[in-house]
Amino acid sequence: MPQLSVVIITFNEEKNIKRCLESVRPIADEIVVVDSFSTDRTEEICNEYNVKFIEHKFDGHIEQKNWAAAQAAYDYILSLDADEALSEELSNSIKKVKTTWDSDGYEMNRMTNYCGKWIKHCGWYPDKKLRLWNRTKGNWGGVNPHDKYELQKGSTTKHLKGDLLHYSYYSISDHVNQMQKFTDISARMKYEKGKNISVFMIVIRIFFSFFKKYFIKLGILDGYYGFVISVLFVYTNFLKDIKLRELNKKGFQE
């Protein structure tokens, strides 16, 4: 039976890492944690689970995940973020996969817990993620901070039963703080690719973004937090757009 490496990247994840490690123990032949020099109890908790704990400078989500995958002993890899965990059904699906491995990659649905509520709409579920794969068949790609695993052309994929449980934000403040960080990265990446946006398009995106999240994607069915997520989605796009315009103005002035 092929052996499986579980690979996790961390930075100050003492709130989440124990739950993640507990969920993967039944299916992991090796657990690799690549940490960006945490200052909390992340390493201490990891050491309780006999993981391979490695510290490595963070140069970007894509770069860190590719480097982390390279540290695994086995080619078959399950890649998780520290704030994710396997449902029992998904864990059982992965156990079955380990007896066959008849595909190059396996997708799964991710369900997000927001401030204690499972979000079933807003475009957040089902949130398909390719997280189980043969590392000889692809690499992490995408655009930081929105990484995604990209298999080689001609590779095969299957979908697994069960949910990847994502414990995203414990408070709205956590969400707002993360927005600031991620919009900085996103705006910078777009600027470096020569992108810009007009004021007219910013206004259009403000109105369309909320309508899409709250009505088309049925955020209205998720109650109060569906409304919050929809509004903050608009604000996230607004921040990315104005930060991009600011970078272009500064670049022109320089």
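All of the points below concern the structure found in this document. These figures come from a predicted structure and were not determined experimentally. (Residues numbered from 1 in each chain as written. Predicted model: local features only at pLDDT ≥ 70, side-chain atom pairs only at ≥ 80, totals over all residues. Heavy atoms only, no water.)

## As for the packing of aromatic side chains
- Under the definition given, this model contains 16 aromatic pairs.
- For the pair Phe210 and Tyr214, a centre-to-centre distance of 5.1 Å together with 25° between the ring planes defines the contact as stacked. Of the two residues, Phe210 and Tyr214 both sit in helix 6 (residues 199-216), 4 residues apart, roughly one turn of that helix.
- By way of ring pairs, the aromatic residues Tyr114, Trp124, Tyr169, Tyr224 and Tyr225 are connected into one cluster.
- The ring centre of Tyr167 lies 3.6 Å from the NZ or CZ of Arg19, which sits over that ring. (Phe/Tyr/Trp six-rings, centres within 6.5 Å; stacked < 30°, edge-to-face > 60°. Helix = DSSP H or I, 4+ residues; strand = E, 2+ residues; numbered from the N terminus. Lys NZ or Arg CZ within 6 Å of the ring centre and 35° of its normal.)

## Looking at the pattern of salt bridges
- Applying the stated criterion across every chain, the model contains 14 salt bridges.
- The partner of Asp29 in a salt bridge is Lys98, with the nearest N and O atoms 2.9 Å apart. Residue Asp29 is located in the loop between helix 1 (17-24) and strand 2 (30-35), and its partner Lys98 is located in the loop between helix 4 (88-97) and strand 6 (105-114); the two are separated by 69 residues in the primary sequence.
- In this structure, the salt-bridge partner of Glu44 is Arg41, at a minimum N-O distance of 3.3 Å.
- According to the relative accessible area criterion, Glu44 is partly exposed, its value standing at 46%. (Salt bridge = Lys/Arg side-chain N within 4 Å of Asp/Glu carboxyl O. Buried < 20%, exposed > 50% of the residue type's maximum accessible area, 1.4 Å probe, protein only.)

## Notes on the environment of His175
- As for its placement among the helices and strands, His175 is situated in helix 5 (residues 172-192).
- The exposure class of His175 is buried, given its relative accessible area of 9%.
- Counting along the chain gives 59 residues from His175 to Gly116, while the straight-line C-alpha distance between them is 13 Å.

## Topic: the side chain of Lys65
- Its location among the elements puts Lys65 in helix 3 (residues 61-70).
- Exposure remark for Lys65: the relative accessible area of 5% places this residue in the buried category.
- Setting aside anything within four residues of it in sequence, one finds Lys65 in contact with Ile9, Asp81, Trp140 and Asp147. (Contact = heavy atoms within 4.5 Å.)

## Quick word on helix 5
- Spanning 21 residues, helix 5 covers 30 Å between terminal C-alpha atoms, matching the ideal 30 Å at 1.5 Å per step.
- Considered for burial, the residues of helix 5 that qualify are His175, Met179, Thr183, Ser186 and Ala187. Seen end-on, helix 5 carries its buried residues on one side only, within an arc spanning 100°. Residues of helix 5 that are exposed and angled more than 90 degrees away from the buried face: Asn177 and Glu192.
- Looking one or two residues beyond helix 5, the residue adopting positive phi is Gly194, at roughly 85°. (Expected span 1.5 Å × (residues − 1). Arc of directions from axis to C-beta.)

## What about the nonpolar core?
- Core analysis: the largest hydrophobic core is formed by 29 residues, its most contacted members being Ile8, Ile31, Leu78, Leu86, Ile94 and Leu132.
- At the level of elements, strand 1 (4-10), helix 1, strand 2, helix 2 (42-47), strand 4 (76-81), helix 4, strand 6 and strand 11 (157-169) are the ones that each hand at least two residues to this core.
- No other element matches helix 1, which puts 4 residues into this core.
- When near neighbours in sequence (up to four residues on either side) are disregarded, Leu132 contacts Leu4, Ile77, Leu78, Ile94, Val97, Trp101, Asp104, Gly105, Tyr106, Met108 and Leu160. (Core = buried A, V, L, I, M, F, W, Y, C linked by side-chain atoms within 4.5 Å.)

Geometric descriptors of this kind do not, in isolation, establish any biological role.
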